[in-house]
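Here's the letter readout for the chains.
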Amino acid sequence: MAEIQPTTTSGPSAAAQAGGVVATGTPGTVGLPGLAMKRRGPVAVWLGLPLVTLGIYQLVWYYKIHKELQQFDRRQTLNPGGSVLVLIFLGWTLIAPLISFRNTGRAIAEAQRAAGLQVTCSPATSMWLVFVFGLNTWYMQRQLNLVTDAYPGVTEGTQVPLAA
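Small disclaimer: the values here were computed from a predicted structure and weren't measured.

Asks: Where do I start with the overall build of the protein in this structure?
Replies: Across its full length, the protein carries seven helices and two strands. The proportion of buried residues among the 164 residues of the protein is 35%. Intrachain contacts of the protein at a sequence separation of at least 6 include 69% that bridge at least 24 residues. Looking at the protein as shown, the accessible area adds up to about 9600 Å², and 64% of this sits on carbon and sulfur atoms.

Shown next as structure tokens:
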């Protein structure tokens, strides 16, 4: 049997040359990288921009958060376009959007877990707050902001390490 000899180079450049993924950031985290999400104002997402755009912004926001969640934790399989199409074409059924909001709450909870945070996002709350003045968008954006706040000083789209 041949013995495995260590390489003479070490550090991030050696891992990058070997085709490995190099994560930088908080010490003590697993080296699985993701892309940082954008921090948005919950009130602007819930009330301000949807009023100005006659509701179009809510669909744009829903697409963007799904895309950002997918890029943040690539282990999650999300379909941003499909999520928006559910709201557009199946919104009249009432059940399909509720299931979509619940699934989004689960994805946010998984993102919180991947950021190393205590999970505070409830999928049921993400679903049922739609009946309370549409506060589900406010709630989901507040929960997403917790994930972005876990990486202080990091700009949107920057590679960040995931905890688990």
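Back to the write-up after that little detour.
Asks: Explanation requested: the packing of aromatic side chains in the structure shown.
Replies: Within a pair of aromatic rings, the relevant descriptors are the distance that separates the centres and the angle that separates the planes. Scanning the entire structure with this criterion turns up four aromatic pairs. Among the aromatic side chains, those forming a connected cluster through ring pairs are Trp61, Tyr62 and Phe101.

Asks: Is there a simple way to think about the packing of helix 4 (residues 80-90) against helix 5 (residues 95-114) in this case?
Replies: The description of two helices packed together rests on the angle between their axes and the distance between the axes. Two elements in contact, helix 4 and helix 5, have axes whose closest approach is 9 Å; the angle formed by their N-to-C orientations is 160 degrees. On the basis of the axis angle, helix 4 is roughly antiparallel to helix 5. Here the hand of the crossing between helix 4 and helix 5 comes out left-handed. Facing helix 4, whose interface residues are Ser83, Val86, Leu87 and Leu90, helix 5 presents Ala96, Pro97, Ser100 and Phe101. Looking at the contact of helix 4 with helix 5 residue by residue, the class counts come to six nonpolar, two polar and no charged.

Asks: What am I meant to see in the side chain of Thr104 here?
Replies: Within the element layout of this structure, Thr104 appears in helix 5. The class for Thr104 is buried, based on a relative accessible area of 1%. Within the local environment of Thr104, its side chain forms a polar contact with the backbone oxygen of Ser100, the two atoms lying 2.9 Å apart. Sequence-distant contacts of Thr104, defined by excluding residues within four places in its chain, comprise Tyr62, Ile65, His66 and Met140.

Asks: Teacher, can you tell me more about the nonpolar core here?
Replies: Within soluble globular proteins, side chains that are nonpolar generally end up buried alongside one another. If you look at the biggest cluster of nonpolar residues, it comprises 29 residues, and the most contacted ones within it are Trp61, Tyr62, Leu69 and Phe72. When residues no more than four places from it in sequence are discounted, the contact partners of Tyr62 are Ser83, Val84, Leu87, Ser100, Phe101 and Thr104.

Calculation rules
- Residues numbered from 1 in each chain as written.
- Predicted model: local features only at pLDDT ≥ 70, side-chain atom pairs only at ≥ 80, totals over all residues.
- Heavy atoms only, no water.
- Helix = DSSP H or I, 4+ residues; strand = E, 2+ residues; numbered from the N terminus.
- Buried < 20%, exposed > 50% of the residue type's maximum accessible area, 1.4 Å probe, protein only.
- Contact = heavy atoms within 4.5 Å.
- Areas by Shrake-Rupley, 256 points an atom, 1.4 Å probe, with all protein chains shown as cover.
- Phe/Tyr/Trp six-rings, centres within 6.5 Å; stacked < 30°, edge-to-face > 60°.
- Axes fitted to C-alpha atoms, helices over the stretch in contact; angles between N-to-C directions.
- Parallel < 35°, antiparallel > 145°, perpendicular 65-115°, else oblique.
- Left-handed = near helix turned anticlockwise from the far one by under 90°.
- Nonpolar A, V, L, I, M, F, W, Y, C, P; charged D, E, K, R; others polar.
- Polar contact = N/O pair within 3.5 Å; in protein donor to acceptor, adjacent residues only side chain to side chain.
- Core = buried A, V, L, I, M, F, W, Y, C linked by side-chain atoms within 4.5 Å.

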